[in-house]
Amino acid sequence: MTPEPAAICLGCWQNLHLPIPLRGLLSTPFRLVGIKPSRMNPNTCTICEMAFSRVMKARAIAIDATVMFADLRGYTALTQSIDQPALTSLLDVFYDECAAAIWRYDGLLNKTIGDAVFAIFNFPVKQTDHPVQAVLAAREIQKRFASRREELLHSIGAGDEDVEIGIGIGIDSGETNFGEFGQTHRDLTAVGTVVNRAARAQSAAQSGEIMVTAAVRDRTGAMIAGGGSDHLLKGFREPVTLFHA
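Residues numbered from 1 in each chain as written. Predicted model: local features only at pLDDT ≥ 70, side-chain atom pairs only at ≥ 80, totals over all residues. Heavy atoms only, no water.

Chemist: Would you mind going over the overall build of the protein with me for this structure?
Modeler: The number of helices and strands found in the protein is 10 helices and eight strands. Against the 2.2 N^0.38 benchmark of 18 Å for 245 residues, the protein shows a C-alpha radius of gyration of 19 Å, consistent with a compact globule. Overall size of the protein, expressed as C-alpha extent along the three principal axes, is 55 × 45 × 40 Å. Here the protein holds 245 residues, and 48% of them are scored as buried. Restricting to contacts in the protein with at least 6 residues of sequence separation, those with at least 24 account for 64%. Of the roughly 12,200 Å² of accessible surface on the protein, a fraction of 54% belongs to carbon and sulfur atoms. Taking the 23 positively charged and 26 negatively charged side chains of the protein as two groups, their mean positions are separated by 9 Å. (Helix = DSSP H or I, 4+ residues; strand = E, 2+ residues; numbered from the N terminus. Rg over C-alpha atoms; globule rule 2.2 N^0.38 Å. Buried < 20%, exposed > 50% of the residue type's maximum accessible area, 1.4 Å probe, protein only. Contact = heavy atoms within 4.5 Å. Areas by Shrake-Rupley, 256 points an atom, 1.4 Å probe, with all protein chains shown as cover. Lys, Arg positive; Asp, Glu negative; His and termini not counted. Charge placed at Lys NZ, Arg CZ, Asp CG, Glu CD.)

Chemist: Can you walk me through the pairing of strand β8 (residues 240–244) in this structure?
Modeler: Along any regular strand the residues' side chains alternate between the sheet's two faces. As judged from the three bridges shared by strand β6 (residues 210–213) and β8, these two strands associate in the antiparallel manner. By the bridge assignment, T213 is partnered in β8 with L242. Two strands pair when backbone bridges link them, and strand β7 (residues 229–231) and β8 are joined in this way by three bridges, in the antiparallel orientation. Opposite D230, over in β8, you have T241 as the bridge partner. (Pairing = 2+ DSSP bridges.)

Chemist: How should the nonpolar core be read in this particular structure?
Modeler: One broad rule of soluble globular proteins: the nonpolar side chains tend to lie buried together. M68, L90, F145, I169 and I171 are the most contacted members of the largest nonpolar core, which totals 39 residues. Contributions of two or more residues to this core are made by β1 (60–73), α5 (75–78), α6 (84–104), β3 (116–121), α7 (130–147), α8 (149–155), β4 (166–181) and β6. Looking at this core, the element that brings in the most residues is α6, giving 10 residues. (Core = buried A, V, L, I, M, F, W, Y, C linked by side-chain atoms within 4.5 Å.)

Chemist: What is the right way to read empty space enclosed by the protein from this model?
Modeler: One simple way to see leftover space: roll a probe sized like a water molecule over the atoms. A complete count under the given rule lists two cavities of 30 Å³ or more for this structure. Lining of the second largest cavity is provided by S38, M40, T44, C45, C48, E49, L108, F123, P124, F178 and L188. Its residues assigned to classes, the lining of the second largest cavity shows eight nonpolar, two polar and one charged. (1 Å grid on protein atoms, 1.4 Å probe; cavity = no way out; pocket = protein on both sides within 12 Å on 5 of 7 lines; lining within 4 Å. Points joined across faces, edges and corners; volume = space filled by probe spheres on them. Nonpolar A, V, L, I, M, F, W, Y, C, P; charged D, E, K, R; others polar.)

Chemist: Any chance you could explain the packing of aromatic side chains here in plain terms?
Modeler: The way to describe two aromatic rings as a pair is by their centre distance and the angle between their planes. Applying the stated rule across the entire model yields three aromatic pairs. Summarising the aromatic geometry, the rings of F69 and F118 are spaced 4.6 Å apart at their centres and angled 0° between planes, so their arrangement reads as stacked. Of this pair, F69 sits in strand β1 while F118 sits in strand β3, and the two are 49 residues apart along the sequence. Residue F118 is classed as buried on the basis of its relative accessible area, which comes to 3%. Relative to F178, the ring of F123 lies with its centre 4.9 Å away and its plane at 50°, an arrangement referred to as tilted. (Phe/Tyr/Trp six-rings, centres within 6.5 Å; stacked < 30°, edge-to-face > 60°.)

Chemist: What's the story with the packing of α6 against α7 in this structure? I'm lost.
Modeler: What describes two packed helices is the angle between their axes and the distance between those same axes. Where α6 meets α7, the closest approach of the two axes is 8 Å, and the angle between their N-to-C directions is 145°. At the point where α6 passes α7, the crossing takes the right-handed sense. Mapping the contact onto sequence places L90, V93, F94, E97, C98, A100, A101, I102 and R104 in α6 and A137, E140, I141, R144 and F145 in α7. In terms of residue class, the contact of α6 with α7 is made up of 10 nonpolar, no polar and four charged. (Axes fitted to C-alpha atoms, helices over the stretch in contact; angles between N-to-C directions. Left-handed = near helix turned anticlockwise from the far one by under 90°.)

Given below as structure tokens:
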């Protein structure tokens, strides 16, 4: 069941103790001055994404966060065999299903990067169990997309059962830098080893798989069973142990 949308901005309430209305009549004056639900998470507002430096009193802060990358498998191959409207429709479904799952578990859909999405858990909405929330969101993404696979293949005219279409997901957790980066073009995002490792874990995941690091496994209790396997990930000198979630 989809949770009810928040009435006030969860980020402003947790970080500033300000009840910024997001919906209903009370939100009208705020809309007139450009304060509205954020595109990164509709339960936060544009203050959270556009006034980070003023709110947090710093360009960047160190936070404990969980980072997720999800990539649409088979997209590159499909670009060579189906038309542009069909590709657009496929990406729309991918983005929408990822967003719905990420927002359900209070994550921030920070970026859409071609045929991939990048999400952050534990800012601006703080969660004591953010690794758990990220894994739950990843599982929901896979469930949602798998349930629509046949419909999608039919709608884009790719009825061949051998066509690969699925999602690979990677997740890591730990301290990362979050804030506004860049001078001429400022970008609100997270950077650091945790982000890089999550991206590489996603690259190691097969279609339909969720690969998580030992940090995520250790912080999610009994959610992740079974042993891990070592992977040589690009940019990392030592093998990284990944687990199926």
